[in-house]
Amino acid sequence: MNNYDTICAISTSLGKSAINIIRLSGEDSIEIASKIISGVDIRKKEGGTITHAYIKENGNYIDEILVSVFRAPKSYTGENLVEINTHGGAYVTERVFDMLISLGARVALPGEFTKRAFMNNKMDLTSAEAVMDIVNANTRKSLDLANKALHRDIYNLVHELRGNIMDILLQIEVNIDYPEYEDEIEISHEKVKHDTSMLIDKITDLIDKAEVMRVYKEGIKTVILGKPNVGKSSLLNALLNQNKAIVTNISGTTRDIVEGKINIGGVVLHLLDTAGVRDTDNPIELIGIEKTMEVLNEAELVLLVLDTSAPLDAQDYSLLEMTKDKKRIIIGNKIDLHGKLDIVDIVNVSSVTKAGVDDLKKKIIKLFIDEDMEKDTEVAISSTRHIGLLKEALSSLKDAYESEKEGLYLDMLEIDFKKAYTSLGLITGEEATSDIVDELFKKFCLGK
Ligand code: GDP
């Protein structure tokens, strides 16, 4: 165990509640806590025990508590760790917290307890990230994924891939060390090529599956675009199945409504704020092109709404052009008015009668989730960070494979294999630098 200072945090959120939990971790945590606790000497307590006690200040009662004592290395952080359950008032909790700080504990940074668990080898980086994913989970699927990751599913997978790369590296080493065996080299060349190609297939498949999981976990950043009055807010209402937005036929009156989240069949659409896009006083340029491009850059999905009851105009064409390279669905709204637009792949709906809305939902999901694949998509990898690093590893392996085909010496490929090996190590944290680790844990909650 590393010898870090003792940190302290209020781990529960401070409202009025039945209890709050204050946590201390570090070599001196038991010693520090013992100074404010009366009724029991926690320095004599075994690890993994919970005891009823009191907090006193200058002989006066501050609170009646339960105190848990864990001893290194058998604790969440791997260090001595104390948890004090106070009553759930903000004042009493902060009072106890202040007492601990004045006795030498340091205010913990966000995620610092879990970071210590990682630093003390209690968990790898993917499990540590999973802790936060459990806190943030808002669907059953995302909770399941987080639990799998917590129980080292990702670690095991990535560890195996790293093992595969190491095997290839070892074969290359043998060739470099014993170049006199020419026949052997031929065999190795073939074997390295074969193994690399297998690995490329394996990682490609993994990325595909992980992308699907990412959609389930993180949702899809979506923008609903269309000129004023085509029915964007009405469509949003129809998707939401409730009448939250105020719909009027005066242009521009619904401008601050098209944002928020909608859950369609277990997938969350995060609607991007388009207020800026439509917020214009200039009647000639109703669509702010620059603003639209900004929002589009961020969007993973564009729902472009057109009005089927009227011919397309310059603004519609401009939006069609601006979104042509994005993943988009062109929606022909107001189909109940019996108009028709001659556009391929248009999804016709009526936001008023709700005709076509279910088909639209299905189409959205299909655009992101290959239904055939979903059945055996049991993979816990689902975060942008992990997918990005898998892609990095894949690209290095593809470089190696290309060089292989060109007949380059095996030792020239070593560097690509090593790069891939490192990228994967960044996922599990085996190769992570302290900057990366610090950056990751910043996103955590206080006291976690
Ligand atoms: P936005 O400015 O694009 O958000 O458009 P709104 O949702 O405010 O709709 C503008 C007008 O079109 C309102 O009067 C709506 O009632 C009407 N509208 C929206 N969708 C439909 C539809 O599917 N059918 C018909 N008949 N009217 C619609």
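See above for the structure.
The model shown is predicted, which means the values in this text are computed figures rather than measured ones.

(A) Representation of the overall build of the protein chain in the model. When you go through the protein chain residue by residue, the secondary structure sums to 16 helices and 13 strands. In the protein chain, which comprises 448 residues, the proportion classed as buried is 47%. Restricting to contacts in the protein chain with at least 6 residues of sequence separation, those with at least 24 account for 67%. Carbon and sulfur atoms form 52% of the exposed surface of the protein chain, whose accessible area is close to 22,600 Å².

(B) Highlighting the sheet that holds strand β3 (residues 37–38). The 7 strands are arranged β3-β4-β5-β6-β2-β1-β7 in an open sheet whose pairing can be described as mixed. Two strands bound the open sheet, and with one partner strand each, they are β3 and β7 (106–107). Where strand β2 (residues 17–25) meets strand β6 (residues 81–88), 8 bridges bridge the pair, whose relative direction is antiparallel. Note on β6: the bridge partner recorded for Ser-25 is Leu-81. Its contacts with the sheet place helix α3 (residues 112–119) against β1 (7–10), β2 and β7, and it is angled at close to 140° to β1.

(C) Structural detail: a nonpolar patch on the surface. The grouping of Leu-408, Tyr-409 and Met-412 at the surface amounts to a nonpolar patch, some 340 Å² of accessible area in total. With respect to the helices and strands, the residue Leu-408 is situated in the loop between α14 (384–405) and α15 (410–428).

(D) Spatial organisation of the packing of helix α4 (residues 125–136) against α15. Viewed as axis vectors pointing N to C, α4 and α15 meet at an angle of 40°, and their least axial separation amounts to 6 Å. Looking at the two axes, α4 sits oblique to α15. Each of Leu-125, Thr-126 and Glu-129 in α4 lies in contact with α15, whose residues at this interface are Leu-426, Ile-427 and Thr-428. For the contact of α4 with α15, the residue count by class is 3 nonpolar, 2 polar and 1 charged.

(E) Seen up close, the pattern of salt bridges. Considering all chains together, one arrives at 31 salt bridges under this definition. Across the pair Arg-43 and Asp-41 runs a salt bridge, and its minimum N-O distance is 3.0 Å. Under the relative-accessibility criterion, Arg-43 is labelled partly exposed at 45%. One salt bridge in this structure joins Glu-57 and Arg-95, with 2.4 Å as the shortest N-O distance. Remark: Arg-95 occurs in helix α2 (residues 90–102) and Glu-57 occurs in strand β4 (residues 49–57); sequence separation between them is 38 residues. We classify Glu-57 as partly exposed; its relative accessible area is 24%. It is possible to trace a salt-bridge network through shared partners that takes in Asp-5, Glu-79, Arg-106, Glu-112 and Arg-116.

(F) Expanded view of unusual backbone geometry. Here Ala-72 and Pro-73 are connected by a cis peptide whose omega angle stands at 0°. By the secondary structure assignment, Pro-73 is in the loop between β5 (60–70) and β6. At Asn-58, a position not held by glycine, the phi torsion is positive, near 50°. Summarising the element assignment, Asn-58 is placed in the loop between β4 and β5. Looking at Asn-58, the relative accessible area reads 76%, which means it is exposed. Non-glycine residue Lys-334 carries a positive phi angle of around 65°. Relative to the elements of secondary structure, Lys-334 occurs in the loop between β12 (328–333) and β13 (347–348). For Lys-334, a relative accessible area of 22% gives the class partly exposed.

(G) Quick look at the sheet that holds β13. The 6 strands lie next to each other as β9-β10-β8-β11-β12-β13, forming an open sheet whose pairing is mixed. Each end of this open sheet is capped by a strand with a single partner; those strands are β9 (260–264) and β13. Across the sheet, helix α10 (residues 289–298) touches β8 (220–225) and β11 (301–307), and the angle it forms with β8 is around 150°. Together, β8, β9, β10 (267–271), β11, β12 and β13 form the strand contacts of helix α12 (residues 357–368), whose direction differs from that of β12 by roughly 170°.

Rules and cut-offs
- Residues numbered from 1 in each chain as written.
- Predicted model: local features only at pLDDT ≥ 70, side-chain atom pairs only at ≥ 80, totals over all residues.
- Heavy atoms only, no water.
- Helix = DSSP H or I, 4+ residues; strand = E, 2+ residues; numbered from the N terminus.
- Buried < 20%, exposed > 50% of the residue type's maximum accessible area, 1.4 Å probe, protein only.
- Contact = heavy atoms within 4.5 Å.
- Areas by Shrake-Rupley, 256 points an atom, 1.4 Å probe, with all protein chains shown as cover.
- Pairing = 2+ DSSP bridges.
- Axes fitted to C-alpha atoms, helices over the stretch in contact; angles between N-to-C directions.
- Patch = residues over 30% accessible without salt bridge, like charges linked within 9 Å, V, L, I, M, F, W, Y side chains within 5 Å.
- Salt bridge = Lys/Arg side-chain N within 4 Å of Asp/Glu carboxyl O.
- Parallel < 35°, antiparallel > 145°, perpendicular 65-115°, else oblique.
- Nonpolar A, V, L, I, M, F, W, Y, C, P; charged D, E, K, R; others polar.

Any functional reading would require information beyond the geometric quantities listed.
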